Amino acid sequence: MPDGREDREYDKFVQDSDGNTALRTNLVVQDIEIGAVEIKDHTSTDRASVNANNALKTIEEVPGTPYNNQFTVATAGTAVQLQSSANLSLTIKALAGNTGIIYVGDSTVDSSNGFELSAGDSISIAVSQNNVIWIDASVSGEKVCVIAVS
């Protein structure tokens, strides 16, 4: 607690009967404006910005090279792993000529837990590697086609 009355802020300090000191003041709560803020990738000069409509504008990664292939489930009930390919997105389509169901999932995929695709159905998945996806089928010889972009 300030010792001298010459301290103009002395009257803001109070002391209780136990000798504890507190500050008596009014706090003003309001928005804090921050000037220019830079959001940047630490490994490059790419930056995010806020446009005139106060929307955050980011620099998106533009897809590059396409990848396409077809996969066959030779034996129904035996899952097949998709070929390894780094990518941003993957689309899997059951071929139109299929007569059964394709099951899409992880390495444990089968008819009891897979995502079902009938002939002509497709699913798009954001994965970094195609080989995390496996397919199975209800009928031997069923096929899927895939397209991905990296």
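Up top is the structure.
This one's a predicted model, so the numbers in the text were calculated from it and none came from an experiment.

Participant: Could you give me a rundown of the overall build of the protein, with the residues and numbers involved?
Facilitator: Helix and strand counts for the protein come out as zero helices and 13 strands. Within the protein, the proportion of its 150 residues that are buried is 21%. Taking all contacts inside the protein whose residues are at least 6 apart in sequence as the whole, residues at least 24 apart take part in 69%. Counting only carbon and sulfur atoms, one obtains 49% of the accessible surface of the protein, whose full area is about 10600 Å².

Participant: Tell me what's going on with the pairing of strand β9 (residues 102-105), and back it up with residues and numbers.
Facilitator: In terms of strand pairing, β9 meets strand β10 (residues 115-117) through three bridges, oriented antiparallel. Its bridge partner lying in β10, Y103 is registered against E116. Relative to strand β12 (residues 134-137), β9 runs antiparallel, the two sharing four bridges. From the neighbouring strand, V104 faces β12, where its bridge partner is I135.

Participant: Give a description of the sheet that holds strand β8 (residues 89-94) that names residues and reports values.
Facilitator: Spatially, β6-β13-β8-β11 is the arrangement adopted by the four strands of the open sheet, whose pairing is antiparallel. Looking along the sheet, the strands with just one partner apiece sit at the ends: β6 (66-73) and β11 (122-125). For this sheet the average axis-to-axis angle between neighbouring strands, irrespective of direction, equals 15 degrees. Inspection of the sheet shows β8 paired to strand β13 (residues 142-149) by six bridges, in the antiparallel sense. Bridged to K93 within β13 is C145.

Participant: Give me the sheet that holds strand β7 (residues 80-81): which residues, what numbers.
Facilitator: Ordered in space as β7-β12-β9-β10, the four strands form an open sheet in which the pairing is antiparallel. In this open sheet, the two edge strands, each paired with only one partner strand, are β7 and β10.

Participant: Could you give an account of the side chain of E142, naming the residues involved and the relevant values?
Facilitator: Looking at the element boundaries, E142 is found in strand β13. In this structure E142 is buried but unpaired, with K143 as the nearest side chain of opposite charge at 9.3 Å. Within the structure, the side chain of E142 is placed 2.8 Å from the backbone nitrogen of T99, a separation counted as a polar contact. For E142, the side chain forms a polar contact with the main-chain nitrogen of G100, separated by 2.5 Å. Setting aside chain neighbours within four positions, we find E142 in contact with F71, T72, V73, N98, T99, G100, I101, I102 and A137.

Conventions and cut-offs
- Residues numbered from 1 in each chain as written.
- Predicted model: local features only at pLDDT ≥ 70, side-chain atom pairs only at ≥ 80, totals over all residues.
- Heavy atoms only, no water.
- Helix = DSSP H or I, 4+ residues; strand = E, 2+ residues; numbered from the N terminus.
- Buried < 20%, exposed > 50% of the residue type's maximum accessible area, 1.4 Å probe, protein only.
- Contact = heavy atoms within 4.5 Å.
- Areas by Shrake-Rupley, 256 points an atom, 1.4 Å probe, with all protein chains shown as cover.
- Pairing = 2+ DSSP bridges.
- Axes fitted to C-alpha atoms, helices over the stretch in contact; angles between N-to-C directions.
- Lys, Arg positive; Asp, Glu negative; His and termini not counted.
- Salt bridge = Lys/Arg side-chain N within 4 Å of Asp/Glu carboxyl O.
- Polar contact = N/O pair within 3.5 Å; in protein donor to acceptor, adjacent residues only side chain to side chain.

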